[in-house]
Amino acid sequence: MIDPKIHESWKERLAEEFREPYFETLKNFLVAEKNSQVVYPPGDKIFAAFDRTPFDRVKVVILGQDPYHGKGQAHGLCFSVPPGITSPPSLVNIFKELHNDVGMPIPNHGNLESWADQGVLLLNATLTVRASQAGSHQNKGWENFTDAVMRKVSEERQGIVFILWGRYAQAKESLIDAGQHHILKAAHPSPFSAHSGFFGCHHFSKTNQHLENQGLEPINWSLN
């Protein structure tokens, strides 16, 4: 089910991780899960975030927790859903903040691939999930892998904007060299917490300001 077919720019930097004992254990777990359960996203989409955003093109990292666990929702990019799938509540709130922050019209779909293509690494800390069971693949090894991803970006790149929404993402802040990168923190966009500091965070305009200050092309957040 899971062969590390991942963009070469990432594969060469993460080769050691694929050889670690935890990754072999993770693979065995996923094979067993696939044999008895429905697992999201599909196997060919597990590393989609890396394939759409090669290492040298990363400008922004948005960190999610784990994939959506509803049928057809997860396709390897955090917070994103494929065309034709209704935007989940957290994504709806992201769009509301985007509208209020940069005037982006509320889109009629929730596919964020265009962000990924512009250098926004849409990374979940856990890359798979059992159908209808949120968090079911946490603490199986994925966090070791994605922590290594965060460290690689922090160590080998400069001036990346890391967007950390909610306590789970913010617990990863220690992986980032704050002297070399820009860290934006706010409440999670979930309906349970969005009114506690996500709405009004202006992270999208702040991200583009950080990029422009470095002479980089800002992100076109519009999806219509």
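As a reminder, the structure under discussion sits directly above these lines.
In this text the structure is predicted, and so the values were computed from the model without any measurement.

**A short note on the nonpolar core**
Then, in step 1: In terms of nonpolar packing, the biggest core is built from 64 residues, with Trp10, Phe47, Ile94, Trp115 and Phe145 touching the most fellow members.
Then, in step 2: In this structure, Trp10 is in contact with Phe50, Thr53, Pro54, Phe55, Val58, Leu121, Val149 and Val153, ignoring residues within four places of it in sequence.

**Side note on unusual backbone geometry**
Leave glycine aside and you will find that most residues have negative phi; peptide bonds, for their part, are mostly trans.
Then, in step 1: Following Tyr40, the chain continues into Pro41 via a peptide bond in cis, with omega recorded as -10 degrees.
Then, in step 2: Note that Pro41 resides in the loop between strand S1 (39–40) and helix H3 (48–52).
Then, in step 3: Its identity is not glycine, yet Phe79 carries a phi of approximately 70 degrees, on the positive side.
Then, in step 4: Take Phe79: it is sitting in the loop between strand S2 (60–64) and helix H4 (89–102).
Then, in step 5: The exposure class of Phe79 is buried, given its relative accessible area of 9%.

**Observations regarding the sheet that holds strand S3 (residues 120–124)**
Then, in step 1: The parallel open sheet is built from 4 strands, whose spatial order is S3-S2-S5-S6. Of all the strands in the sheet, just S3 and strand S6 (182–186) have a single pairing partner and so form its edges. Strand after strand, the sheet turns through a mean of 20 degrees between neighbouring axes, direction not considered.
Then, in step 2: This element, helix H6 (residues 142–156), spans S2, S3 and strand S5 (161–165) of the sheet and lies at about 155 degrees to S3.

**Some words on helix H2 (residues 21–36)**
Then, in step 1: Compared with the 22 Å implied by 1.5 Å per residue over 16 residues, the 23 Å span of H2 between its first and last C-alpha is a close match.
Then, in step 2: Every buried residue of H2 is accounted for by Tyr22, Phe23, Leu26, Phe29, Leu30 and Glu33. Down the axis of H2, the buried set is contained in an arc of 115 degrees. They therefore lie on one face. Exposed positions of H2 whose direction lies more than 90 degrees from the buried face are Pro21, Thr25, Asn35 and Ser36.
Then, in step 3: Against the buried residues of H2 lie helix H1 (8–19), S1, strand S4 (129–130) and H6.

**Here's the deal with the packing of aromatic side chains**
Then, in step 1: Applying the stated rule across the entire model yields 20 aromatic pairs.
Then, in step 2: Ring geometry for Trp10 against Phe55: centres 5.1 Å apart, planes inclined by 85 degrees, an arrangement best described as edge-to-face. Residue Trp10 is found in helix H1, and its partner Phe55 is found in the loop between H3 and S2; the two are separated by 45 residues along the sequence. The pair Trp10 / Phe55 is uniform in exposure class, with both members buried.
Then, in step 3: An angle of 70 degrees between the planes, with centres 6.0 Å apart, marks the rings of Phe50 and Phe145 as edge-to-face. One end of the pair, Phe50, is in helix H3; the other, Phe145, is in helix H6, and 95 residues separate them in sequence. With respect to class, Phe50 is no different from Phe145; both count as buried.
Then, in step 4: Members of the aromatic cluster, joined through ring pairs, are Trp10, Phe18, Tyr22, Phe23, Phe47, Phe50, Phe55, Trp142 and Phe145.

**Let's talk about the pattern of salt bridges**
Then, in step 1: A complete count under the given rule lists 10 salt bridges for this structure.
Then, in step 2: In this structure, Glu113 and Arg52 form a salt bridge, with 3.3 Å as the shortest nitrogen-oxygen distance. With Glu113 in helix H5 (residues 113–117) and Arg52 in helix H3, this residue pair connects regions lying 61 residues apart in the sequence.
Then, in step 3: We classify Glu113 as partly exposed; its relative accessible area is 21%.
Then, in step 4: A salt bridge links Lys172 to Asp147; the shortest N-O distance between them is 2.8 Å.

**Here's the deal with H1**
Then, in step 1: With 12 residues, H1 extends 16 Å from end C-alpha to end C-alpha; this agrees with the ideal 16 Å at 1.5 Å per step.
Then, in step 2: Regarding H1, the residues found buried are Ser9, Trp10, Arg13, Leu14, Glu17 and Phe18. With its buried residues spanning 160 degrees around the axis, H1 presents them on a single face. Relative to its buried face, H1 has exposed residues pointing more than 90 degrees away, namely Glu8, Glu12, Glu16 and Arg19.
Then, in step 3: Looking at the buried side of H1, the elements it contacts are H2, H3, S3 and H6.

Conventions used here
- Residues numbered from 1 in each chain as written.
- Predicted model: local features only at pLDDT ≥ 70, side-chain atom pairs only at ≥ 80, totals over all residues.
- Heavy atoms only, no water.
- Core = buried A, V, L, I, M, F, W, Y, C linked by side-chain atoms within 4.5 Å.
- Buried < 20%, exposed > 50% of the residue type's maximum accessible area, 1.4 Å probe, protein only.
- Contact = heavy atoms within 4.5 Å.
- Helix = DSSP H or I, 4+ residues; strand = E, 2+ residues; numbered from the N terminus.
- Pairing = 2+ DSSP bridges.
- Axes fitted to C-alpha atoms, helices over the stretch in contact; angles between N-to-C directions.
- Expected span 1.5 Å × (residues − 1).
- Arc of directions from axis to C-beta.
- Phe/Tyr/Trp six-rings, centres within 6.5 Å; stacked < 30°, edge-to-face > 60°.
- Salt bridge = Lys/Arg side-chain N within 4 Å of Asp/Glu carboxyl O.

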